[in-house]
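Spelled out from the first residue to the last, the chains are:
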Amino acid sequence: MSDTISIASWNINSVRFRMEIVERFLREQAPDVLCLQETKTVDATFPADAFRRLGYTHQILHGQPMHHGVAIVSKIPIFEDDRLDWQANGEARHVGVRLENGLRLENVYIPAGGDVPDRVVNPKFGQKLDFLQRMIEWSEQLDVPTLLVGDFNIAPLECDVWSHKQLLDVVSHTPIEVETLGRLQAANDWVDLGRSFIPAPERLYTWWSYRAKDWAASDRGRRLDHMWATKDVAAQAVGHRVHEDCRSWLKPSDHIPLVTEFRF
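Residues numbered from 1 in each chain as written. Predicted model: local features only at pLDDT ≥ 70, side-chain atom pairs only at ≥ 80, totals over all residues. Heavy atoms only, no water.

Engineer: So, the packing of aromatic side chains: which residues are in play, and what are the values?
Structural biologist: A complete count under the given rule lists 10 aromatic pairs for this structure. Here the aromatic cluster, defined as three or more aromatic residues joined through ring pairs, consists of Trp86, Phe131, Trp138, Phe152, Trp190 and Trp228. Taking the ring centre of Trp249 as reference, the NZ or CZ of Arg24 above it sits at 3.8 Å. Seen from the ring of Phe17, Lys251 lies directly overhead, with NZ or CZ sitting 4.5 Å from the centre. (Phe/Tyr/Trp six-rings, centres within 6.5 Å; stacked < 30°, edge-to-face > 60°. Lys NZ or Arg CZ within 6 Å of the ring centre and 35° of its normal.)

See below:
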């Protein structure tokens, strides 16, 4: 194994529909490991052969029909560690693996939470907060070098959204979500690698709605995708890239990939 490992994370919003841009990204950037969220396919129809042809022969899949789904594909050996049901309803939203060097890699797709930030009116919002609470309890017990990546569906900082004032009541940036995510971060003193390499208040978005005719011109972005590391792992991070250009590719996801490089 090389002493340098690059790990990518991308909410692909249907891996089969967007396999063309996934292949382009892997050819151009060639990360050692790719974590995917919202694959939207059962394991039997995951495009495993396409990944194998690109050298990603190690694959850990956790899919379901039409919705959600996560996967980790890798050029280097990975070993399934766990698939936790933080949603408490059987949805495929998490898979964890271990690398040969002992690193634990957790790939998660946190629920979006619906449109109304009220758990009474909108049960989906309550499910999101409960999901995070289960992650907090898990995080408190964690005692191994870990990288936590995925679509968290929360933009925590004021500078993580195009307009803090206008999004205060919009799910993904409400005070209770930000506070809950903050408790998750504190539960194991996680290092936010995105803001470690691109300090606030520098512009840093990972998601733009499909609703905008010209996403780049309107630039109403949010930082919903994250990579967090335990302190021992964060100390080995030597680079972090946000591939905004992928949002302009043919049939794009509304999210873009993140890549962190580590030297172990």
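Now that the structure is up, let's keep going.
Engineer: Outline the layout of surface pockets, supporting the account with residue identities and numerical values.
Structural biologist: Within this model, the largest pocket holds a volume of roughly 980 Å³. Going through the elements one at a time, helix H3 (123-140), strand E10 (207-208) and helix H7 (215-218) are the ones with two or more residues in the lining of the largest pocket. The element contributing the most residues to the lining of the largest pocket is H3, with three residues. The class makeup of the residues in the lining of the largest pocket is 12 nonpolar, 12 polar and 12 charged. (1 Å grid on protein atoms, 1.4 Å probe; cavity = no way out; pocket = protein on both sides within 12 Å on 5 of 7 lines; lining within 4 Å. Points joined across faces, edges and corners; volume = space filled by probe spheres on them. Helix = DSSP H or I, 4+ residues; strand = E, 2+ residues; numbered from the N terminus. Nonpolar A, V, L, I, M, F, W, Y, C, P; charged D, E, K, R; others polar.)

Engineer: Break down the environment of Gly102 for me, with residues and values.
Structural biologist: Note that Gly102 resides in the loop between strand E6 (94-99) and strand E7 (104-109). Considered as a pair, Gly102 and Pro145 are 43 residues apart in the sequence and their alpha carbons are 7.4 Å apart.

Engineer: I'd like a description of the side chain of Arg223, backed by residues and values.
Structural biologist: Residue position: Arg223 is located in the loop between strand E11 (221-222) and strand E12 (225-229). Within the local environment of Arg223, its side chain forms a polar contact with the side chain of Asp192, the two groups lying 2.8 Å apart. Residue contacts for Arg223: discarding those within four places in its chain leaves Ile154, Ala155, Pro156, Leu157, Asp160, Asp192, Gly194, Arg195, Leu204, Tyr205 and Thr206. (Polar contact = N/O pair within 3.5 Å; in protein donor to acceptor, adjacent residues only side chain to side chain. Contact = heavy atoms within 4.5 Å.)

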